[in-house]
Structure formats: C-alpha cells, structure tokens
Amino acid sequence: TWSTRPQRLLKAVQKKATRGDPQSVISAIDNFCRHKEWAMNVGDEKGAILDCVVSEVNPSTALELGTYCGYSTVRIARLLPPETRLITLEFNPDYAVVARQVIAWAGLQDKVELVVGASGDLIPQMKQQFGVKEFDFVFLDHWKDRYLLDIKLLEECGLLRRGTVLLADNVICPGTPEYLEYVRTNPRYESRYFKSHLEYTKVEDGLEKSIFLG
Ligand SMILES: C[S@@+](CC[C@H](N)C(=O)[O-])C[C@H]1O[C@@H](n2cnc3c(N)ncnc32)[C@H](O)[C@@H]1O
Ligand SMILES: O=C(c1ccccc1)c1ccc(O)c(O)c1[N+](=O)[O-]
Ligand SMILES: [Mg+2]
C-alpha cells in the first residue's frame, strides 16, 4: 500500500531530527519540502515572521486553525513559556495522526492540545469544553474560504479581547480577498501586511497581522 505525503514527511523527521529538539524537526521538514516534496507548511521564510509575532505577543493562550503535519504548531509551541498552551484544530484525522507524532518528536506535546474536528463546530465549544476565557493569539492557516467566517465566529463567541493578535497565512497566494477586505476596513481591527513568498517558492505571498481593538 502507498504511503501519503504526510507519512513520508513524518519518516523524514524520524530519520533526520533529534527527539526533543524542535529546531531539528523544523529543519528536517523544511529540507524535505525544499528538496524532496513540496508541502503546504507555512515554511521557513514566513515561519520567521510567525516567530517574531509570536515572540512579541508572548501569548498565554493561542489558537491555530489548520494543523496539517504540525510544522507551524512546533514553530509556535517551541516559543511558548511553561504553563501556556496552544490549541490547534485539524479536521482531517489522518493528518492529525501524523501531526501528533511530529509534535511528540519535538517534545512539545505538553504545550499543545490538538483537537480533531472542524473549526466551525469547535470554536463555539472553546469556553465550555476547553476552558478557554479568550485567545491572545490566533494563527489562521486552514482552508482560505473559512478565514472570515471563523474570525466572525471568534468575535461572536467572545473569544477575542482588546489586543488579541490574528496572523493569517496566504493572504495573497492562494489568497483570502474577503478576509483582507474585512480586517483592513473594519474599524475594530488594525491591520498590517508582511510581504513574503509562498513556502519553498519564489511566488509572492504574505501574512496579514490584525489586532482586534475590542
Ligand atoms: C495549509 S494546511 C496547515 C498547515 C500548518 N498550519 C503548517 O503551517 O504547518 C491546512 C490544514 O487545515 C485543515 N483544515 C481546513 N479547513 C479546516 C477547518 N474548517 N477546521 C479544521 N481544519 C481545517 C486541512 O485539513 C489542512 O490540514
Ligand atoms: O490551498 C492551498 C493549496 C492549494 C492547491 C494545492 C496545494 C495547496 C494552500 C497553499 C499554501 C498554503 O500555505 C496553504 O495554507 C494552503 N491551504 O491549503 O490551506
Ligand atoms: Mg498556509
């Protein structure tokens, strides 16, 4: 039986990375995607911008929409201080199985809560089921037509506070036009574009950082 790309990516991590060393897991995945098979991780170039924003926010509670193989999960979680946590949502169970192993290889399983399910179903459960008061940081990297729906849902569920930082991947490629329009014109958000490139390519892409003003 044929393996899947996430399974081949996991094998590369287990072969090349050192257990308990998040940076080696990140490098193993970036090398696999640059030299073996492209995959839709945020990548090293946009990942460095993600690192800066996460370090600046230093969140107590963070949310990631779209786990895939756990690459950006590892990037974010490795920067979080003890007693803080990252909740990451993934609706493809096969991807979640791989992500759990990647996150464990990096030794970050105690900081990460990976929940299998759709963001539209899980976000309304965050307060009751997951004991979340509000999010300090949200990384949007799931299907692009869900970004706008999900930040409106986060607003309605009272999960954003004055100062919550939203960072959205792929606002140029594949693109999230309705989301960009919303965060750039809505007075309740202060938005800024970080120009970069689609992971492992020369194609333009970028991240949009939006601060919720309450
Ligand atoms: C681009 S990949 C995530 C990449 C990851 N953030 C990284 O940089 O390593 C997008 C993922 O979002 C998942 N996804 C898409 N829509 C979703 C939704 N509504 N709820 C949960 N997961 C979703 C897909 O199954 C896919 O694994
Ligand atoms: O949509 C794609 C896509 C479209 C077509 C083929 C492969 C991937 C994609 C490309 C780069 C991303 O960073 C990303 O997050 C996604 N995604 O699926 O969410
Ligand atoms: Mg992306």
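Per chain, the residues get numbers from 1 upward, laid out in the order the sequence is written. Written order decides the labels, with chains lettered from A and ligands numbered from 1. The model is predicted, so local features are restricted to residues of pLDDT at least 70 and side-chain atom pairs to those at 80 or more, both for listing and for counting; the totals for chains, interfaces and linings are taken over all residues. Neither water nor hydrogens contribute to the side-chain values; these are computed over all heavy atoms in the structure.

Let us now look at the coordination of the magnesium ion (ligand 3). Protein ligation of the magnesium ion (ligand 3) involves Asp141 (OD), Asp169 (OD) and Asn170 (OD1), the donor distances falling in the range 2.1 to 2.2 Å. In this description, a donor is an N, O or S atom within 2.8 Å of the metal centre, a cutoff extended to 3.2 Å for sodium, potassium and calcium. Water is not part of the atom list, which can make sites seem incomplete. Each donor residue of the magnesium ion (ligand 3) lies on the same chain, and together they follow the pattern D-x27-D-N. In this pair, the class of Asp169 matches that of Asn170, namely buried. The rule is simple: take the accessible area with a 1.4 Å probe, protein chains only, and divide by the maximum for that residue type; under 20% is buried, over 50% is exposed, in between is partly exposed.

What follows is about the sheet that holds strand β4 (residues 135-140). Here, strands pair whenever DSSP counts at least two bridges between them. Under the scheme used here, helices are H or I runs from DSSP no shorter than 4 residues and strands are E runs no shorter than 2 residues, and both carry numbers assigned from the N terminus. Read across the sheet, seven strands follow the order β3-β2-β1-β4-β5-β7-β6 without closing on themselves; strand pairing throughout is mixed. Because the sheet does not close on itself, it has two edges, and the strands there are β3 (112-116) and β6 (189-197). Across the sheet, the axes of successive neighbouring strands diverge by a mean angle of 15°, strand direction being ignored. As paired strands, β4 and strand β5 (residues 160-168) are joined by five bridges and run parallel to one another. Convention adopted: a line fitted to C-alpha atoms gives each axis, helices being fitted over their contacting stretch, and angles between N-to-C directions are expressed from 0 to 180 degrees.

A separate point is helix α3 (residues 43-57). Expected span of a helix: the number of residues minus one, times 1.5 Å. Between its first and last C-alpha, α3 extends 20 Å over 15 residues, near the 21 Å set by a 1.5 Å rise per residue. Taken residue by residue, α3 has Gly43, Lys46, Gly47, Ile49, Leu50, Asp51, Val53 and Val54 as its buried positions. Contact between two residues is taken to exist if any of their heavy atoms lie within 4.5 Å; hydrogens are not considered. Of the surrounding elements, those touching the buried residues of α3 are α2 (22-35), α4 (71-77), β4, β5, β6 and β7 (204-212). Backbone geometry just after α3 places Asn58 at a positive phi near 45°.

Take the packing of helix α8 (residues 147-156) against helix α10 (residues 177-185) next. Taken N-terminus to C-terminus, the directions of α8 and α10 make an angle of 40°; their axes are 8 Å apart at the nearest point. Between α8 and α10, the crossing angle belongs to the class labelled oblique. Judged by residue contacts, Tyr147, Leu148, Ile151, Lys152 and Glu155 of α8 engage Glu178, Tyr179, Tyr182 and Val183 from α10. Taken together, the residues of the contact of α8 with α10 sort by class into six nonpolar, no polar and three charged. Each angle gets one of four labels, with under 35 degrees taken as roughly parallel, over 145 as roughly antiparallel, 65 to 115 as roughly perpendicular, and the rest as oblique. Each residue gets one of three labels, nonpolar for Ala, Val, Leu, Ile, Met, Phe, Trp, Tyr, Cys and Pro, charged for Asp, Glu, Lys and Arg, and polar for the others, Gly among them.

We define a salt bridge as a side-chain nitrogen of Lys or Arg found within 4 Å of a carboxyl oxygen belonging to Asp or Glu. The full count for this structure, using the stated rule, is 17 salt bridges. Between Lys46 and Asp169 there is a salt bridge; the shortest N-O distance is 2.7 Å. Here the residue Lys46 occupies a position in helix α3, and Asp169 occupies one in the loop between β5 and α9 (171-175), the gap between them amounting to 123 residues. Of the two residues, Lys46 and Asp169, neither departs from the other in class, the shared state being buried. In this structure, Arg188 and Glu155 form a salt bridge, with 3.9 Å as the shortest nitrogen-oxygen distance. Taken together, the residues span a long stretch of sequence, with Arg188 in the loop between α10 and β6 and Glu155 in helix α8 at a distance of 33 residues. Sharing partners across several salt bridges, the network here consists of Lys46, Asp169, Glu199 and Asp205.

From the geometry alone we can't say anything about function, so treat these as descriptive.
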